[in-house]
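Breakdown of the fold
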Amino acid sequence: MYFLTTMRCYMNRQFQQVYVWSKYLRLFHWINVSVVMLLIVLGLIIFNASTLGISNDGKVLLKTIHVITGYVFAINLIIRIGMGFFGKGYERWRKTLPFAKGFTAELAELKHQPDKKHKGHNPLGKLMVGALLLSMCVQMVSGLFIAGTDIYYPPLGQYFVKSIAIDSSKLELIKPYSKENVDEQAYQAMREVRTPFITAHVYTFYFLCFLIPLHIIGVIISERKEKTALVSSMINGYKYLPKQEREDK
């Protein structure tokens, strides 16, 4: 008991609880985790729909759920992008991404002090955040484009419906997987235009499936090395830092 009390006193003298991640950042993070996992599951089912014997109506339903979930993902991501420019503290890009002045020096320092505690992300964490955000932006843009060409959903759905219609006064007849009121030549031209977006969406999906486990492994390693309560800080916002390092950039 005496030993535990002494250790607690020592920890209290050497470390202090520091508020790092704002409630907005934490909300973004957990919404993002939820919708990305759901999008991955739906994407895998859609990708293997023929093998699973899913009907065209079933595919349309799955794609509709995928797109609606994608809207939540896109809105959440756009808000986060805005926070990077107009937010406070670690919401700002200069404290989150690996482009700020001095990043190269931080990276070199990590080599010599691998156990150094960081108030925000360590340099490798910043690289991971940059890779994840770039991948998610590619998924958002390509996904919104594909939604317009596939099941004719906003923001580009109406534009593509008009571009393939035989009779523009009967646009309501154009439905996913239906050829009614569809000009076949215009439809094929539309499918060609969307090809690079499909390619980007699929390969970035694979890249994200590689990055996400890598990110989780990185968090576990950082938690074990730094011992700053990194995982719980994404729930309550607080990390435990040595008092002399609490102003770490």
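All values derive from a computational prediction rather than experimental measurement.

**Looking at a nonpolar patch on the surface**
- Residues Trp 30, Val 33, Met 37 and Ile 235 make up a contiguous nonpolar surface patch of about 370 Å² in total accessible area.
- Of the residues forming the nonpolar patch, the biggest block, three residues, is contributed by helix H2 (residues 23-47).
- Summarising the element assignment, Ile 235 is placed in helix H9 (residues 230-236).
- Using a relative accessible area of 59% as the deciding quantity, one classes Ile 235 as exposed.

**A word on the side chain of Asn 76**
- Within the fold, Asn 76 resides in helix H4 (residues 56-86).
- The residues contacting Asn 76, other than those within four sequence positions of it, are Phe 28, Ile 31 and Asn 32.

**Here's the deal with the nonpolar core**
- With 20 residues, the main nonpolar core has Val 36, Phe 73, Leu 77, Leu 133 and Met 136 as its most contacted residues.
- Listed by contribution, the elements that provide at least two residues to this core are H2, H4, helix H6 (123-150) and helix H8 (184-226).
- With six residues, H6 is the single largest residue contributor to this core.
- Counting residues in each nonpolar core, the second largest holds eleven residues, with Tyr 152, Val 161, Leu 171 and Met 190 among its members.

**Points about the environment of Met 190**
- Along the chain, Met 190 falls in helix H8.
- Of the residues examined, Met 190 reaches a relative accessible area of 4% and is grouped as buried.
- Ignoring anything within four residues of it in the chain, the contact list for Met 190 reads Thr 149, Tyr 152, Phe 160 and Ile 164.

**Details of the environment of Gln 185**
- With respect to the helices, strands and loops of the structure, Gln 185 is situated in helix H8.
- For the pair formed by Gln 185 and Ser 168, sequence separation is 17 residues and the distance between their alpha carbons is 16 Å.

**Points about the packing of H4 against H6**
- It is the contact of H4 with H6, at a shortest axis distance of 10 Å, that shows an interaxial angle of 140°. Between H4 and H6, the angle is such that the two are oblique. Where H4 crosses over H6, the two elements pack in a sense that is left-handed. Every residue of H6 that contacts H4 at Lys 63, Val 67, Tyr 71, Phe 73, Ala 74, Leu 77, Ile 78 and Ile 81 is listed here: Leu 133, Met 136, Cys 137, Met 140, Leu 144, Ala 147 and Asp 150.

**Some thoughts on the pattern of salt bridges**
- In total, this model carries five salt bridges according to the counting rule given.
- For Arg 191, the salt bridge identified is with Asp 150, shortest N-O distance 4.0 Å. Linking Arg 191 in helix H8 with Asp 150 in helix H6, this pair joins segments that are 41 residues apart in sequence.
- When its relative accessible area of 15% is taken as the criterion, Asp 150 is described as buried.
- The partner of Lys 179 in a salt bridge is Glu 184, and the shortest N-O contact between them spans 3.7 Å.
- Under the relative-accessibility criterion, Lys 179 is labelled partly exposed at 48%.
- Salt bridges sharing partners connect three or more residues here, namely Lys 63, Asp 150, Arg 191 and Arg 194.

Here is what the cut-offs are and how they apply
- Along each chain, residues carry numbers from 1 onward, in the same order as the chain's sequence is written.
- Given that the model is predicted, a residue must reach a pLDDT of at least 70 before its local features are reported, and side-chain atom pairs must reach 80 or more before they are shown or counted; all residues, however, enter totals for whole chains, interfaces and linings.
- The basis for every side-chain value is the complete set of non-hydrogen atoms in the structure, without hydrogens or water.
- Here a patch means residues that are over 30% exposed by relative accessible area and free of salt bridges, tied together within 9 Å if like-charged and within 5 Å if nonpolar (Val, Leu, Ile, Met, Phe, Trp, Tyr).
- To measure how exposed things are, a 1.4 Å probe is used in the Shrake-Rupley method; for residues, cover is taken only from the protein chains shown.
- Salt bridge, as applied in this entry: a Lys or Arg side-chain nitrogen positioned within 4 Å of an Asp or Glu carboxyl oxygen.
- Comment: elements are numbered from the N terminus, with helices defined as DSSP H or I runs of at least four residues and strands as E runs of at least two.
- Buried, partly exposed and exposed residues are distinguished by accessible area as a fraction of the type maximum, computed with a 1.4 Å probe on protein chains only: under 20%, between the cut-offs, and over 50%, respectively.
- Contacts are residue-level and defined by heavy atoms, with any inter-residue pair within 4.5 Å sufficient.
- Put simply, buried Ala, Val, Leu, Ile, Met, Phe, Trp, Tyr and Cys residues joined by side-chain atoms within 4.5 Å make one nonpolar core.
- Throughout, an axis means a line fitted to C-alpha atoms (over the contacting stretch in the case of helices), and angles, computed between N-to-C directions, take values from 0 to 180 degrees.
- Roughly parallel means an angle under 35 degrees; roughly antiparallel, over 145; roughly perpendicular, 65 to 115; everything else is oblique.
- Left-handed describes a crossing in which the near helix is turned anticlockwise from the far one by less than a right angle; the clockwise case is right-handed.

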